[in-house]
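What follows is the residue order along each chain.
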Amino acid sequence: DSALGIRPDNIPDGMVWSKRANKGRGGLVYIRPLPGQIPKGMKWSLTANNGMGGLINIPPAEEDIPRGFGWSSTAKEGRGGLVRLPPSAENIPDGMEWNPEADNGMGALVNIRPSDKDIPAGK
């Protein structure tokens, strides 16, 4: 393992070497916290953090999701969270479009960038 630069003296705190990580090629993974260390509303996931393990949000019950929102397991940097649902096409104003990454990944209507010929030249 020294060819990879991974030796016991330089494995970061809170991590261990796993032969099964990285599709069986081996790699560092986070150590699963003790049950009392996991915050309420979260759970441990082996697949979080690109397979290095981590805490993810537990999806709320369907009746607890506000109208106009949905659950996305990829929101909030892969920890999961509520996102806005896009409006129906007829409710999107002219000159705007839905962008799921807008508003910090919550989704929002954004202005459509005008074509280059419609942007006045600078002086």
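For the structure itself, look to the data block above.
Residues numbered from 1 in each chain as written. Predicted model: local features only at pLDDT ≥ 70, side-chain atom pairs only at ≥ 80, totals over all residues. Heavy atoms only, no water.

J.: For this particular structure, what's the right way to read the overall build of the protein chain?
T.: Along the protein chain, the regular secondary structure elements total three helices and eight strands. Ordered by position in the sequence, the α and β elements of the protein chain form the string β-β-β-α-β-β-α-β-β-α-β. The C-alpha atoms of the protein chain give 22 Å as radius of gyration, which overshoots the globular expectation for 123 residues (14 Å, by more than 25%). Counting only C-alpha atoms and orienting by the principal axes, one finds that the protein chain spans roughly 60 × 50 × 25 Å. Of all 123 residues assigned to the protein chain, the portion counted as buried reaches 21%. Considering only contacts in the protein chain between residues 6 or more positions apart, those separated by 24 or more positions represent 4%. Carbon and sulfur atoms form 53% of the exposed surface of the protein chain, whose accessible area is close to 9700 Å². (Helix = DSSP H or I, 4+ residues; strand = E, 2+ residues; numbered from the N terminus. Rg over C-alpha atoms; globule rule 2.2 N^0.38 Å. Buried < 20%, exposed > 50% of the residue type's maximum accessible area, 1.4 Å probe, protein only. Contact = heavy atoms within 4.5 Å. Areas by Shrake-Rupley, 256 points an atom, 1.4 Å probe, with all protein chains shown as cover.)

J.: How do you make sense of the environment of Leu55 when you look at a structure like this?
T.: On the secondary structure map, Leu55 appears in strand S4 (residues 54-57). Here Leu55 falls in the partly exposed class, since its relative accessible area comes to 24%. It is 4.6 Å that separates the C-alpha atoms of Leu55 and Trp44, two residues lying 11 residues apart in sequence.

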